[in-house]
Amino acid sequence: MQVYADNAATTKVSQTAIDALLPCLTDKYGNPSSIHGFGQAAAREMENAREIIAQCLNAEPREITFTSGGSEADNQALLSAAAAGEKKGKKHIISTAFEHHAILHTLDKLKKQGFRIELLPVYPEGIVHLEDVEKAIGDDTALVSIMYANNEIGTIQPIAEIGALCKERGVLFHTDAVQAAGHLSIDVKAQSIDMLSLSGHKFHAPKGSGVLYVRSGAVPLINVIEGGAQERGKRAGTENIPGIAAMAAALKESCDNMEINTAKVSAMRDRLIRGLEQIPESVLNGHRTNRLPGNVNFCFKGIEGESLLLMLDRAGIAASSGSACTSGSLDPSHVLLSIGLAHEVAHGSLRLSVSEYNTEEEIDHILATVPEVVGRLRSMSPVWESMQKGK
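Residues numbered from 1 in each chain as written. Predicted model: local features only at pLDDT ≥ 70, side-chain atom pairs only at ≥ 80, totals over all residues. Heavy atoms only, no water.

Colleague: What is the right way to read the pairing of strand β4 (residues 116-120) from this model?
Modeller: Relative to β4, strand β3 (residues 92-96) is paired through five bridges, and the arrangement is parallel. Residue pairing across strands places Ser95 opposite Leu119, the latter belonging to β4. The parallel pair β3 and β4, bridged by helix α4 (residues 101-112), forms a crossover whose chirality is right-handed. (Pairing = 2+ DSSP bridges. Helix = DSSP H or I, 4+ residues; strand = E, 2+ residues; numbered from the N terminus. Right-handed = clockwise from strand over helix to strand, strands pointing away.)

Structure representation (structure tokens):
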């Protein structure tokens, strides 16, 4: 049996997305900046997608800028907010210790430019405390950027409460919603979100298309990519019309079916948690219930995550030890270290992320295979042997 349980890394493209994509390859293939009929047909397809995505977020179409994905959207959001803040003498940015590297690396860049970066703790349960955000905000704070849901341990942050606090204090609020969009209900107005990033391939659209939402009047965008006047002059490059159309169709389908999908996927998640926690010396990472519907993240003491993944792959199970963006690193996950796990424990991590395409039979296969593989690896592990002897 082949089981794909790495949906946090990327997802299968849905038939709905494919059906929206194909006409843009065969008929509506013009450049949307061209004034002829072919170009204008492509432009109408793009603007229709902009309206659909805006409706899914309770935003306005003019507030949607198309990007190549979540990383570009994160970069543009942070750099724009920093530039706006600097003009007002505000050079303090608040974020968290377990953000995606698209955020953390951009913050490192801004730190070298003289910005003061404050990374809040996320505690063992992997959730930001509102009082920490409140204490951190000062007169010189330009931006608060806190992810909607963590990409590794799946914990969901108190976004509406943070948004309300930032609005009250007159501070811009950005959220990286790459893992949340299509899986959790988002209302940028009700949640007081000024900027939001998302990526289509996390909810069954093709790779290569994303969105940066910016509330009208919140902040002027600066260009990350220079060139033509596409996207109101704020994102150069001919728009990826097939990807944009597919992304809009996939997001609408995900939002329309969210209640049904959440019930199915969260039930599979809970089955996995109940089964895997029966393995001796296993640790569930993050909050037990306040997490993404499809996210399961465990550490198994005495083994290496890389070996676990290789053996699971041989058994037909595709999983991850953390973010796919850092899977080539030998260092333990910064997310797991941020919630207080020791290095030797964090090395034995396993992330399973399921979707509505998974089945109960596949969950059975995972639950039968993981304990067997963990046991086999421990039988060969000198670290596990030392642990058993109390060393």
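Colleague: When you look at the packing of helix α9 (residues 258-276) against helix α13 (residues 360-379) in this model, what are you seeing that I'm missing?
Modeller: Between α9 and α13, the least distance of the axes is 10 Å, while the angle of their chain directions is 15°. With respect to each other, α9 and α13 are oriented roughly parallel. In terms of crossing hand, the pair formed by α9 and α13 is right-handed. Each of Met268, Arg271, Leu272, Gly275 and Leu276 in α9 lies in contact with α13, whose residues at this interface are Glu360, Ile363, Asp364, Ile366, Leu367 and Val370. When the residues that make up the contact of α9 with α13 are grouped by side-chain class, the tally is seven nonpolar, one polar and three charged. (Axes fitted to C-alpha atoms, helices over the stretch in contact; angles between N-to-C directions. Parallel < 35°, antiparallel > 145°, perpendicular 65-115°, else oblique. Left-handed = near helix turned anticlockwise from the far one by under 90°. Contact = heavy atoms within 4.5 Å. Nonpolar A, V, L, I, M, F, W, Y, C, P; charged D, E, K, R; others polar.)

Colleague: Could you clarify how one ought to interpret the packing of aromatic side chains in this entry?
Modeller: Two aromatic rings, taken as a pair, are described by how far apart their centres are and by the angle between their planes. One pass over the structure, following the stated rule, counts two aromatic pairs. A centroid spacing of 5.5 Å and a plane angle of 35° characterise the contact between Tyr29 and Phe38, whose relative ring orientation is tilted. Arranged with centres 5.9 Å apart and planes meeting at 5°, the rings of Phe298 and Phe300 form a pair that is stacked. Lys91 extends its terminal NZ or CZ atom over the ring of Phe115, reaching a point 4.9 Å from the ring centre. (Phe/Tyr/Trp six-rings, centres within 6.5 Å; stacked < 30°, edge-to-face > 60°. Lys NZ or Arg CZ within 6 Å of the ring centre and 35° of its normal.)

Colleague: Quick question: what am I supposed to make of the packing of helix α2 (residues 37-57) against helix α8 (residues 241-256) here?
Modeller: For any two helices packed against each other, the geometry comes down to the angle between their axes and how far apart the axes lie. α8 packs onto α2 with a crossing angle of 30° between their chain directions and a minimal axis gap of 9 Å. In terms of orientation, α2 lies roughly parallel with respect to α8. Relative to α8, the crossing made by α2 is left-handed. Residue-level contacts link Ala42, Glu45, Met46, Ala49, Ile52, Ile53 and Cys56 of α2 to Ile241, Ile244, Ala245, Met247, Ala248, Leu251, Lys252 and Cys255 of α8. Residue classes in the contact of α2 with α8 are distributed as 13 nonpolar, no polar and two charged.

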